[in-house]
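# Inside the fold
Given next are the chains, with one letter for each unit.
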Amino acid sequence: MSVLVTGGAGYIGSHVVRLLHQRSEPVLVVDGLSNGLRDRLGASQFLQLDLAAPNSKQALTDAIREHGVTSVIHLAAQKQVGVSVERPEFYYEQNIGGMSSLLSAMRDTGVDRLVFSSSAATYGIPDAEAVTEDSECHPINPYGETKLIGEWMGANAARSWGLRVANLRYFNVAGTGWPELADTAVMNLVPIVFSALKAGKSPIVFGDDYATPDGSCVRDYVHVHDLADAHLSALDYLERDERKHSTFNVGTGQGFSVFQVLAEIKRVTKIDFDIDIQPRRAGDPPYLCADVSRIKEELGWQSSRGLNEIIESAWSAIK
Ligand code: WQD
């Protein structure tokens, strides 16, 4: 019995793998290493494979059999919203193609439990301050579309051959559980601000004229260690008979504005920086926060780390 973690060499995947090791679960990591790092893997078995490559289905099928895989956590995907707009074909090829190969290999080998890494990007620009899983999904970029289609693919496999699937819709993930697993990409607010500070520049706020309490956008920032924990709760949920839902928001249920995040960064880093207010960034919803009732009730999971721990852990890993 082992758990296959695709994308297990990535920032989030390596946290999931670390927690599986702590539970003494044997792990097989499959990662193309296009963004992942080999030295994040610890004692896992490892297969380097791009899930969207032409031979991937057979290679995956062989690996699943060889390692006695009984469940899968699928995180491997491209995740840069901006690039997905510039190169939509690549995003469809990678994210949909990868999911397709994985589901075929799972069907052929009779592996019927899947935790799928989905995203709050599936919602697009919601009209509520906190979205429930039943809110309508209108993704506004190819990245979000590929995640929603991934959910549909899982739902169809559930109907067709009995796949048991849990989709986790991540909100804004940040922080680090272990310094060596820190987010090395500079793509989201917290790493972007740290990178600016290290270069002696002023952090940028995209828009201070939104209809929010302080005019900047509000997001639900979830600690990556808490998020990783949610994957284990989802695996356990798939084991149980009374499963009712397949899709779960993973957030804290609490929103923070960009200005509030910057204030916390100022407090933690003790750097007294100026803020550069720029025009709004295209496609930013004013609010994107999770209603977390369902995951709490059904999976018994809730976040336990706040904004302070997110900023402290991320800063101490890079300073
Ligand atoms: C957060 C807020 C920016 C940089 C993205 C994806 C989403 C999901 C999570 C994976 C926004 C503001 C940012 C800066 C700023 N990913 N900002 N100055 O866009 O909420 O969500 O990551 O599934 O799909 O879209 O995250 O970190 O880019 O921005 O003011 O230099 O910070 O405008 O309001 P976002 P982000």
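Refer to the structure above for everything that follows.
Residues numbered from 1 in each chain as written. Predicted model: local features only at pLDDT ≥ 70, side-chain atom pairs only at ≥ 80, totals over all residues. Heavy atoms only, no water.

### What to know about the overall build of the protein
Under the convention used in this document: Put simply, DSSP marks the helices as runs of H or I at least four residues long and the strands as runs of E at least two long, and each gets a number from the N terminus on. Our radius of gyration looks at C-alpha atoms and nothing else; its globule reference is 2.2 Å times the residue count to the power 0.38. Partly exposed describes any residue whose relative accessible area lies between the buried limit of under 20% and the exposed limit of over 50%, with all areas from a 1.4 Å probe on protein chains only and scaled to the type maximum. Residue contacts are counted whenever heavy atoms from the two residues lie within 4.5 Å of one another. To be clear on the numbers: accessible area is Shrake-Rupley with a 1.4 Å probe, and residue cover counts the displayed protein chains and nothing else. A positive count includes Lys and Arg, and a negative count includes Asp and Glu. His and the chain ends are not counted in either. To locate a charge, take atom NZ for lysine, CZ for arginine, CG for aspartate or CD for glutamate.
The helix and strand inventory of the protein stands at 10 helices and 15 strands. In summary, the protein has a C-alpha radius of gyration of 19 Å against a globular reference of 20 Å for 319 residues, a match within 12%. With respect to the three principal axes, the spread of C-alpha positions in the protein is 55 × 40 × 40 Å. Taken over 319 residues, the protein has a buried fraction of 52%. Within the protein, contacts between residues at least 6 apart in sequence are counted, and of these 78% link residues at least 24 apart. With the model as given, the accessible surface of the protein reaches about 14000 Å², and the carbon-plus-sulfur share is 47%. Of the side chains in the protein, 29 bear a positive and 40 a negative charge, and the two mean positions are spaced by 4 Å.

### Points about the site of the ligand
Basically, it comes down to this: Definition of nearness: a residue and a molecule or strand are near each other if at least one heavy atom of the residue lies within 4 Å of the molecule or strand. Identification of polar contacts relies on pairs of N or O atoms within 3.5 Å, with a donor-acceptor requirement for protein atoms, meaning one able to donate a hydrogen and the other able to accept it, and with residues adjacent in sequence counted only if both atoms are side-chain atoms. Under the scheme applied, nonpolar residues are Ala, Val, Leu, Ile, Met, Phe, Trp, Tyr, Cys and Pro; charged residues are Asp, Glu, Lys and Arg; polar residues are all the others, including Gly. The source of the domain bounds is an automatic or database domain assignment.
Residues in contact with the ligand amount to 17 residues; listed here are only the nearest, Ser 119, Leu 189, Ile 204, Arg 219 and Asp 284. Within the side chain of Asn 188, one N or O atom sits 3.2 Å away from an oxygen atom of the ligand. A distance of 2.7 Å separates a nitrogen atom of the ligand from a polar atom in the backbone of Ile 204. Taking 690 Å² as the accessible area of the ligand by itself, protein coverage stands at 88%. If you list the elements that add at least two residues to the shell around the ligand, you get α6 (189–198) and β9 (204–206). Of the residues forming the shell around the ligand, the biggest block, three residues, is contributed by β9. For the shell around the ligand, a count of residues per class yields 11 nonpolar, three polar and three charged. Inspection of the shell around the ligand shows a minimum of three residues originating in each of domain 1 (2–171 + 223–250) and domain 2 (174–220 + 252–316).

### Some thoughts on the sheet that holds strand β6 (residues 130–131)
Strand pairing in a sheet takes place through backbone hydrogen bonds and is either antiparallel or parallel in direction. Worth spelling out the cut-off: In this description, strands pair whenever DSSP reports at least two bridges between them.
Taken together, four strands build an open sheet; the order of strands is β6-β15-β10-β13 and the sheet is mixed. Each end of this open sheet is capped by a strand with a single partner; those strands are β6 and β13 (256–257).

### Some words on the packing of α6 against helix α8 (residues 258–269)
Put simply, the rule is: The axes are straight lines fitted to the C-alpha atoms, using for helices just the contacting stretch, and the angles between their N-to-C directions are given from 0 to 180°. Angle categories: roughly parallel below 35 degrees, roughly antiparallel above 145, roughly perpendicular from 65 to 115, and oblique for all the rest. The sense of a crossing depends on the near helix, which, turned anticlockwise from the far helix by less than a right angle, makes the crossing left-handed and, turned clockwise, makes it right-handed.
Where α6 contacts α8, the two axes come as close as 11 Å, and the packing angle between them is 50°. Classified by the angle their axes make, α6 and α8 are oblique. In this structure, the crossing between α6 and α8 has a hand that is right-handed. Here α6 contributes Leu 189, Val 190, Val 193, Phe 194 and Leu 197 to the contact with α8, which in turn contributes Val 258, Val 261, Leu 262, Ile 265 and Thr 269. Here the contact of α6 with α8 is built from residues that sort into nine nonpolar, one polar and no charged.

### Concerning the sheet that holds strand β1 (residues 2–6)
Overall, parallel pairing links the seven strands, which are arranged β3-β2-β1-β4-β5-β7-β12 in an open sheet. Each edge of the sheet is formed by a strand with only one pairing partner; in this case those strands are β3 (45–48) and β12 (247–250). Here the average twist between neighbouring strands, direction ignored, is 20°. Summarising the sheet, β1 and strand β2 (residues 27–31) pair through four bridges and their orientation is parallel. Bridge assignment links Val 3 to a residue of β2, and that residue is Val 27. Sheet contacts for helix α4 (residues 88–109): β1, β4 (69–74) and β5 (113–119); angle to β5, the most-contacted strand, approximately 170°.

### What to know about helix α2 (residues 56–67)
Formally: How far a helix is expected to stretch is found by multiplying one less than its residue total by 1.5 Å. Throughout, the arc means the angular range of directions from the helix axis out to the C-beta atoms.
Between its first and last C-alpha atoms α2 spans 16 Å; for 12 residues at 1.5 Å apiece the expected length is 16 Å, and the two agree. Among the residues making up α2, those that are buried are Ser 56, Leu 60, Thr 61, Ala 63 and Ile 64. Here the buried residues of α2 occupy an arc of 165° about the axis, which is enough to place them on one side. Residues of α2 that are exposed and angled more than 90 degrees away from the buried face: Arg 65 and Glu 66. Elements in contact with the buried residues of α2: β1, β2, β3, β4 and α4. Phi turns positive one or two residues past the end of α2, at Gly 68, with a value near 60°.

### Considering the environment of Gly 306
Locating Gly 306 in the fold gives a position in the loop between α9 (293–299) and α10 (307–318). Taking the C-alpha atoms as reference, Gly 306 lies 24 Å from Arg 23; in sequence the two are 283 residues apart.

### Points about unusual backbone geometry
Both trends apply: most residues other than glycine have a negative phi, and most peptide bonds are in trans. Positive phi, normally seen in glycine, also occurs at Ser 24, with a value near 65°. By the element assignment, Ser 24 lies in the loop between α1 (11–22) and β2. By relative accessible area, which is 63% here, Ser 24 ends up exposed. Residues other than glycine seldom take positive phi values, yet Leu 33 does so here, at roughly 60°.

### What about the nonpolar core?
To keep things clear, this is the line we draw: For our purposes a nonpolar core is just a set of buried Ala, Val, Leu, Ile, Met, Phe, Trp, Tyr and Cys residues, chained together by side-chain atoms within 4.5 Å.
The biggest cluster of nonpolar side chains holds 43 residues, and the ones touching the most others in it are Val 5, Ile 12, Leu 20, Ile 73, Val 173 and Ile 295. For this core, the secondary-structure elements that each account for two or more residues are β1, α1, β2, β7 (164–170), α7 (224–239), β12, β15 (287–290) and α9. Counting residues per element, this core draws most heavily on α7, which supplies nine residues. Leu 4, Val 30, Met 106 and Phe 116 belong to the second-largest nonpolar core, a separate cluster that totals 23 residues.

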